[in-house]
Amino acid sequence: MKHSVFLATTLIVFFGLILKPEYGLWNNATKYIEVAKPTTTANITCPSDIVVSADAGECGAIVNFPDATVTGVSSADQIIMRFQGDPLALPVYEEEGMRLQGFDRDHIDAPWPIPCDNRQGALIHPSTGNTWTYNGGEPFTPNRVYVCSTNMVFKTGDCGTEFVPTQTGDVDFPDTPEWQNITSMTWEETGGTIDASIDNFRFTPTSVKQTAGLESGCFFPVGTTPVTFTAIDDNGVETSCSFNVTVLDQEAPQFTVRNISLSLENTSSVKIAPDDILVDPAFDNCGIKDISLSKDTFFCTDTGDNPVEITVTDINGNVTRDAAIVTITGNGSSGAIDDIPDGDYCDSFTFPAITGVALSGNEAFYSQVDGNGIKYSAGDIINFDAAVTYPVTYYIYDDAPSTNGCKNQVSFDVNILPTPMLDPVADVLVCETYVFPEIKGEKLSGNEAYYTESGGNGTKYNSGETIHIDKALTYPLTFYVYDVNSANCFSERNFDLDLTVCDVKVEVEASTTVICDNDMDVVTITAKPFAPVSDSNYVYEWRQDGNLNVIATTPQIEVLPFTSTTYQVTATDPSSRAAVTSDKASITIVVNEAPIAPSIIDVAQCDDPENGIGIEFINLNDYDGQVTMGIEDLDITYHLNQNDADNSLNSISNTLEITTGENVIYARLTNPNTGCYSTTILTFELFKAPELIIDPTSVSLCETTNGEFLSTVIRTNLSIEDYDFIWTVETESGTELLTDATAQLQVNEAGVYTVEAINKMTGCTAKATATVDTVLNPIQATANAELTAVLNNHVINVEVEATMDQETTYQVMLGDGSWYDMNEFNGSYTYTFRGVETGNGIQTIQLRDSNGCWTQTLEVITLGIPQFVTPNNDGYNDTWNIKGLEVLDQDSKLYVFDRYGKLLADLTLDQQGWNGVFNGEPLPSTDYWYRLELEDGRTVSGHFSLKR
């Protein structure tokens, strides 16, 4: 890992010197050098090897054993996981090093209020589960947990060891090896409709864990399984111990045999297989390897009872034997052929003479029964390559006629093995130590080895074994390579081995030879003597830059030089008989200077709302000079996190979008010639611009009835405690700076008012503008209705005469209806209402302007004139009169005439109307005329119909 700031590196190194001065030296370049750290190794003791028998019927056994014991390691304190913080649903929850991760859901409900004494803990849902680990897999022992419900199960180990709480409250985990020094544990909900909940999980970190083999309580297969435990001491050094768990298969195969009877009536031989005498197939807990019969072919001479032994061998070498009786029936042979025993032969086999009783002289050897196959005579020879596999069965058959119907026949097995052919071995001259190489050749038996005497005698050495110089012996020594098979075919080669005493030679190698002066990873340098002997006690002395002071006496050192340094080791073998008993070797660690970067570059910037609220764009190249501090020829890349910067990954564009708040960028400076680099942090803090909103943004100063104008207030949404304000106004006479510095401004003069708000903490500003205009009242407003209107179909005309050059419009409303925009032409605004009902004869007209400055109410008279009268006393239209007449002045007159102008009725405003009668006589149906004389001198006339 590299650090971005040289100062930080120096502080870390200095702190390391204070804490662990015994681990190294402080050189003149003021950089700490770690060399040959002394450690107190943990003393770990494993259980003794365990040997058990397989469980009955199983090819293995469940084996329990205790954990390894450790001394010299500080005891760890119990840790309590209290599930702290606000309730959150997280994919992973981690606290005190304990990691809780879901495997059946995409989040963990922890910490969470749980139904358990008002506690806060963790919960999982029905049929889900989680996995627990500590510090990425370090061992721990669970001690206790507060259980809120019992519908859960904890599991650990390769064997699925389970622990199911049976009560709520504080519950202890099992105190057994299966629950100690574990590296993971699962917690699952076992069913039901409620969540499983826990709190206050307690555990103890442990210094020993099992790193190989099956865990205690597991099912171990037959054979040997190595088990390893590893302990970590206080200095982080690992020490391991191992033991073997051996499960023996001592259960022999099982089977049952039966006696059988076979007939030779129509053949001279009969052959059987193991299944013929087995009641059922043989069974073994681990499996059957081989089944053989002591005799499987029967001839005429075998008539009668023949005991046959069956041998069953399992895959682990256990053997069961039993015998059955094979009864051969039929006529026996008149002669007898002497048996030839089975045998192993070297390279070839010569058929011997055939002997027996009452032979016909036609007897011979055959490769198949009853004289079939290839025929061989006594003295014939077959070589190893005559058959593909061995052993081969041959049959002696006498084909002479037999009076009893059965011919004489016997069999035997021949196993031909080739003589091994060993490759020649050259004489060897080496320094002090020799590893016997692999023995090569053809047709080797697998028993080939090295011997100190001819014929496979003396001390035996297998390939891969090592022999060291023996000061009591005289070299060279002769060794024999010998191989012999079961047929006693053998081959032998010899060679001379000279283990001479060689001068001590040493080489050194380093994990790296070039570093940067800000590297924090130590360099490991190792001395490698050439061909050391096993009983040598080498002495090492390390020095640096030719100084006489010895800095270490171990074969390996760890260093971290600040400047280029040469390290020299002297390796001495005090017990060597060679002329040169010590040697020197050196290596130089080149330290290149890393670029020096500033610690942190802080940049503060105000948001410009014109570019988009909360977003600004910056050019990172503008800060190259600050990052390099003026040093040229350095490569600069920018990254989003420290890991990418350290590993030169995912460099970003030079144009960066930043948002409100803190934006952190990591810069990497690399020397292209050495590859050394440093990193630094650029923090761009974008301050939020004032959220300045003018209310209102358009203001009208309204004219009063006396010709003056009302004042108004322009408000901001900001407080005087957090912001400073500057107000200006622009009028026809110019721009003026106002003395008012408050968050709101009272105005009574037209103009363009601008306010600038300045954040007292960040200095960021924002501006807003409001336009203030004067609004004059209109000159006049009128409304009138046509007097000749038909009943409920009036037309009303409304007109507003406005003052010229006003930024305003007008609206009109009839009665309680809707507002309508009036039509404008040359400063005059008009609107016409059509189809207006007569009502009570008076209509109300409302007027207003769009600035909210002026309103006016007008009344219009609407007289409705009926078109007919039907005086038939049915209650409908029995009299004729003008609707709305009552609203007229009492001086108004209404007259009714016939078609010749004769006055028929003189109606007053309070009369019901004319009923079509004149002088007591009803008049006929026809048209009649009326004339309305208004008090203002206007007249309205027309006609209507009388219908009977």
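Computed from a predicted model, the values in this text were never measured in an experiment. (Residues numbered from 1 in each chain as written. Predicted model: local features only at pLDDT ≥ 70, side-chain atom pairs only at ≥ 80, totals over all residues. Heavy atoms only, no water.)

**Observations regarding the overall build of the chain**
Okay, so step 1: Assigned secondary structure in the chain consists of four helices and 82 strands.
Okay, so step 2: The C-alpha radius of gyration computed for the chain amounts to 59 Å, which surpasses the reference 30 Å derived for 948 residues by more than 25%, pointing to a less compact arrangement than a globule.
Okay, so step 3: C-alpha atoms of the chain, sized along the principal axes, occupy 185 × 100 × 55 Å.
Okay, so step 4: Long-range contacts, defined as pairs at least 24 residues apart, comprise 62% of the intrachain contacts of the chain with a sequence gap of at least 6. (Helix = DSSP H or I, 4+ residues; strand = E, 2+ residues; numbered from the N terminus. Rg over C-alpha atoms; globule rule 2.2 N^0.38 Å. Contact = heavy atoms within 4.5 Å.)

**Focus: the side chain of Asp-849**
Okay, so step 1: One can find Asp-849 in strand 74 (residues 842-849).
Okay, so step 2: A polar contact is formed between the side chain of Asp-849 and the backbone nitrogen of Cys-853, at a distance of 2.9 Å. (Polar contact = N/O pair within 3.5 Å; in protein donor to acceptor, adjacent residues only side chain to side chain.)

**Quick notes on the state of the cysteines**
Okay, so step 1: A full pass over the atoms with the stated rule returns six disulfides.
Okay, so step 2: Shown here is the disulfide that connects Cys-516 with Cys-676, its sulfur atoms set 2.0 Å apart. Judged by the sign of its S-S torsion, about -95°, the cystine formed by Cys-516 and Cys-676 is left-handed. Placement of the pair is Cys-516 in strand 49 (residues 514-516) and Cys-676 in the loop between strand 59 (661-670) and strand 60 (677-687), with a sequence separation of 160 residues. (Disulfide = S-S within 2.5 Å.)

**What to know about the side chain of Glu-95**
Okay, so step 1: Looking at the element boundaries, Glu-95 is found in strand 9 (residues 92-95).
Okay, so step 2: The buried charged residue Glu-95 lacks any salt bridge, with Arg-82 as its nearest oppositely charged partner at 6.5 Å.
Okay, so step 3: A polar contact is formed between the side chain of Glu-95 and the side chain of Tyr-93, at a distance of 2.4 Å.
Okay, so step 4: If we ignore the near neighbours within four places in the chain, the residues touching Glu-95 are Ile-80, Met-81, Arg-82, Phe-83 and Gln-84. (Buried < 20%, exposed > 50% of the residue type's maximum accessible area, 1.4 Å probe, protein only. Lys, Arg positive; Asp, Glu negative; His and termini not counted. Salt bridge = Lys/Arg side-chain N within 4 Å of Asp/Glu carboxyl O.)

**Notes on unusual backbone geometry**
Okay, so step 1: In this structure, the amide linkage connecting Ala-110 to the following residue, Pro-111, adopts the cis form with an omega of -10°.
Okay, so step 2: Residue Tyr-390 is joined to Pro-391 through a cis peptide bond whose omega torsion reads 0°.
Okay, so step 3: Along the chain, Pro-391 falls in the loop between strand 36 (381-383) and strand 37 (392-397).
Okay, so step 4: Although it is not a glycine, Lys-443 sits at a positive phi angle of roughly 55°.
Okay, so step 5: Turning to its location among the elements, Lys-443 is positioned in the loop between strand 42 (441-442) and strand 43 (449-453).
Okay, so step 6: With phi around 55°, Met-629 is a residue other than glycine that occupies positive phi space.
Okay, so step 7: Along the polypeptide, Met-629 turns up in the loop between helix 3 (624-628) and strand 57 (635-639).
Okay, so step 8: Residue classification places Met-629 among the partly exposed residues on the basis of a relative accessible area of 45%.

**A word on the pattern of salt bridges**
Okay, so step 1: A full pass over the atoms with the stated rule returns 12 salt bridges.
Okay, so step 2: Note that Lys-155 and Glu-162 form a salt bridge whose closest N and O atoms lie 3.7 Å from each other.
Okay, so step 3: Residue Lys-155 is classed as partly exposed on the basis of its relative accessible area of 26%.
Okay, so step 4: A salt bridge links Glu-509 to Lys-528; the nearest nitrogen and oxygen atoms lie 3.8 Å apart. Remark: Lys-528 occurs in strand 50 (residues 523-529) and Glu-509 occurs in strand 48 (residues 506-510); sequence separation between them is 19 residues.
Okay, so step 5: Taking relative accessible area as the criterion, Glu-509 reaches 43% and is therefore assigned partly exposed.
Okay, so step 6: Counted as one network, the salt bridges with shared partners bring together Lys-155, Glu-162 and Glu-188.

**Regarding the sheet that holds strand 72 (residues 823-825)**
Each strand in a sheet pairs with another by means of backbone hydrogen bonds, the pair being arranged parallel or else antiparallel.
Okay, so step 1: The antiparallel open sheet is built from four strands, whose spatial order is 68-69-73-72. Each end of this open sheet is capped by a strand with a single partner; those strands are strand 68 (780-785) and strand 72. Across the sheet, the mean angle from the axis of one strand to that of its neighbour is 20°, orientation sign disregarded.
Okay, so step 2: Pairing analysis gives eight bridges linking strand 69 (residues 794-801) to strand 73 (residues 828-836), with the strands arranged antiparallel. Bridge assignment links Val-800 to a residue of strand 73, and that residue is Tyr-829. (Pairing = 2+ DSSP bridges. Axes fitted to C-alpha atoms, helices over the stretch in contact; angles between N-to-C directions.)

**Notes on the packing of aromatic side chains**
Okay, so step 1: Going through the model one piece at a time under the given rule, you end up with 50 aromatic pairs.
Okay, so step 2: For the ring pair Trp-132 and Trp-187, a centre distance of 6.1 Å and an interplane angle of 50° mean the geometry is tilted. Of this pair, Trp-132 sits in strand 13 (residues 129-134) while Trp-187 sits in strand 18 (residues 185-189), placing them 55 residues apart in sequence. Of the two residues, Trp-132 and Trp-187, both sit in the buried class. (Phe/Tyr/Trp six-rings, centres within 6.5 Å; stacked < 30°, edge-to-face > 60°.)

**Section: the pairing of strand 59**
Okay, so step 1: For strand 59, a buried count of seven out of 10 residues is recorded, marking the element as mostly surrounded by other parts of the structure.
Okay, so step 2: Between the antiparallel neighbours strand 59 and strand 60 lie six residues, among them Gly-675 with a positive phi of about 80°.

**What to know about the nonpolar core**
Okay, so step 1: Membership of the largest hydrophobic core comes to 28 residues, with the highest contact counts inside it found for Phe-83, Trp-132, Phe-154, Met-185, Trp-187, Ile-198 and Phe-201.
Okay, so step 2: At four residues, strand 19 (residues 196-205) tops the list of elements feeding residues into this core.
Okay, so step 3: Residues contacting Trp-132, with those up to four places away along its chain left out, are Met-81, Phe-83, Met-98, Arg-99, Leu-100, Thr-183, Ser-184, Met-185, Thr-186, Trp-187, Ile-198 and Phe-201. (Core = buried A, V, L, I, M, F, W, Y, C linked by side-chain atoms within 4.5 Å.)

**Quick notes on the sheet that holds strand 16 (residues 161-163)**
Okay, so step 1: Pairing within the open sheet is antiparallel, and its six strands lie in the order 9-10-13-18-15-16. Both outer strands of the open sheet, strand 9 and strand 16, are each paired with one neighbouring strand and no more. On average, each strand axis in the sheet is tilted by 20° relative to the strand beside it, whichever way the strands run.

**Topic: the environment of Val-308**
Okay, so step 1: Among the secondary structure elements, Val-308 is positioned in strand 28 (residues 304-314).
Okay, so step 2: Judged by relative accessible area, which is 0%, Val-308 ranks as buried.
Okay, so step 3: Separated by 15 residues in the primary sequence, Val-308 and Ala-323 place their C-alpha atoms 5.4 Å from one another.
Okay, so step 4: Among all residues touching Val-308, those that are not within four sequence positions of it are Leu-293, Ser-294, Lys-295, Phe-298, Asp-322, Ala-323, Ala-324 and Val-326.

**A short note on the confidence of the model for the chain**
Low-pLDDT portions of the prediction should not be read for the details of their coordinates.
Okay, so step 1: For the chain, mean pLDDT is 85; residues scoring 70 or higher make up 92% of the total.
Okay, so step 2: In this model, residues 1-40 is a region of pLDDT below 50 whose contacts with residues beyond four sequence positions or in other chains number 82 contacts. (pLDDT = per-residue confidence, 0-100.)

**Looking at the environment of Glu-730**
Okay, so step 1: Within the secondary structure, Glu-730 is located in strand 63 (residues 723-731).
Okay, so step 2: C-alpha of Glu-730 to C-alpha of Tyr-753: the two residues are 23 residues apart in sequence and 6.5 Å apart in space.
Okay, so step 3: When residues no more than four places from it in sequence are discounted, the contact partners of Glu-730 are Thr-735, Gly-751 and Val-752.

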